[in-house]
Amino acid sequence: MLLPIKETAGVILDIRYASDNNFVGRAVYARPVALLHREAHAAFVRALARAQVLGLGFRIFDAFRPIEVQSILWDAVSDKTFVADPALGGTHPRGIALDLTLFDLATGEDLPMGTGFDAVTPLSAHGALEDLSAEVIRNRALLLGLMSAAGWDSYEPEWWHYNLPDGDALPVLSAADVPEGPL
C-alpha cells in the first residue's frame, strides 16, 4: 500500500513529470501526486522532522513512478546512468524512492544545489566538486546527511535521488496497481 505525501508548511509538491518542466519536455503524469510505500513514507517523515529542526523543508519532485512512466523516461534519456532500466524495475516503481531538494522555511527559497533536478550531467553527482561552490557542496552534504540519518540511501550520480535500501523484494507497480497514482 502506498501512502500520500501531503503538502504542508514543510513540504512543497513540485511533481515535475506532471508538467512540461522536465527532461522529457512534456507532462507524463496526469496528476501531481507523491506516493510512497509505508516504510518509505515513515522514513520521509523522520527526515522531514530533522529538516524542520534546522528551519528547512523538502520540495518533492517525484516519488512513486508507474513502470509505464519508467519506460518513457528510459526511452527519452541518452545517458542511461540517470534512469533505471524498466526491465530491472528500479526503485521509483516500487514506491521506495524520492527525488527532492531542500528549501528554507523562512524564505521559501530552494537551497542552491549547483544543478537543477534531472540535470543529466556529471555535475549532478554527489561527489562532484569541480565548478561547484562551497555553499552548494555544503547544501548537498546537508541533504545527504538528513536523508541518510532517516534511513535513506543516496544514488551517486544524482544529488536529488534517495531510496530505501534492500527494496528489490517489493513488487514493481503499474498504473493499474495504483489507481490513485499519477496516471
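Structural data are supplied above this passage.
Draft legend 1. Here's a closer look at the environment of H161. With respect to the secondary-structure elements, H161 resides in strand 7 (residues 158–163). A relative accessible area of 6% places H161 in the buried class. Sequence-wise, H161 and F61 are 100 residues apart; in three dimensions their C-alpha atoms are separated by 9.6 Å. Not counting chain neighbours up to four residues away, the residues in contact with H161 comprise T91, H92, A97, L98, D99, D153, S154 and Y155. Here H92 takes part through its side chain, which lies 3.3 Å from a polar atom of the side chain of H161.

Draft legend 2. Examining the side chain of E158 more closely. For E158, the position within the fold is in strand 7. With no salt bridge to any partner, buried E158 finds its closest opposite charge in R65, at an N-O distance of 6.9 Å. Ignoring anything within four residues of it in the chain, the contact list for E158 reads F82, S124, A125 and H126.

Draft legend 3. Spotlight on the packing of aromatic side chains. Using the criterion set out here, one finds seven aromatic pairs in the structure. Relative to W160, the ring of W159 has its centre 5.4 Å away and its plane inclined at 85 degrees; by these criteria the two rings are edge-to-face. Here W159 falls in the buried class, since its relative accessible area comes to 3%. Through a chain of ring-to-ring contacts, the aromatic side chains of Y17, F23, Y29, F61, F117, W159 and W160 assemble into a single cluster.

Draft legend 4. Unusual backbone geometry, seen in detail. Positive phi values are uncommon outside glycine, yet D118 reaches one of about 65 degrees. The residue D118 is located in the loop between strand 5 (97–104) and helix 3 (134–149) in this model. A residue is classified by how much of its surface remains accessible, and D118, at 11% relative accessible area, is buried. Positive phi outside glycine occurs at D131, with the angle close to 70 degrees. For D131, the position within the fold is in the loop between strand 5 and helix 3.

About the cut-offs
- Residues numbered from 1 in each chain as written.
- Predicted model: local features only at pLDDT ≥ 70, side-chain atom pairs only at ≥ 80, totals over all residues.
- Heavy atoms only, no water.
- Helix = DSSP H or I, 4+ residues; strand = E, 2+ residues; numbered from the N terminus.
- Buried < 20%, exposed > 50% of the residue type's maximum accessible area, 1.4 Å probe, protein only.
- Contact = heavy atoms within 4.5 Å.
- Polar contact = N/O pair within 3.5 Å; in protein donor to acceptor, adjacent residues only side chain to side chain.
- Lys, Arg positive; Asp, Glu negative; His and termini not counted.
- Salt bridge = Lys/Arg side-chain N within 4 Å of Asp/Glu carboxyl O.
- Phe/Tyr/Trp six-rings, centres within 6.5 Å; stacked < 30°, edge-to-face > 60°.

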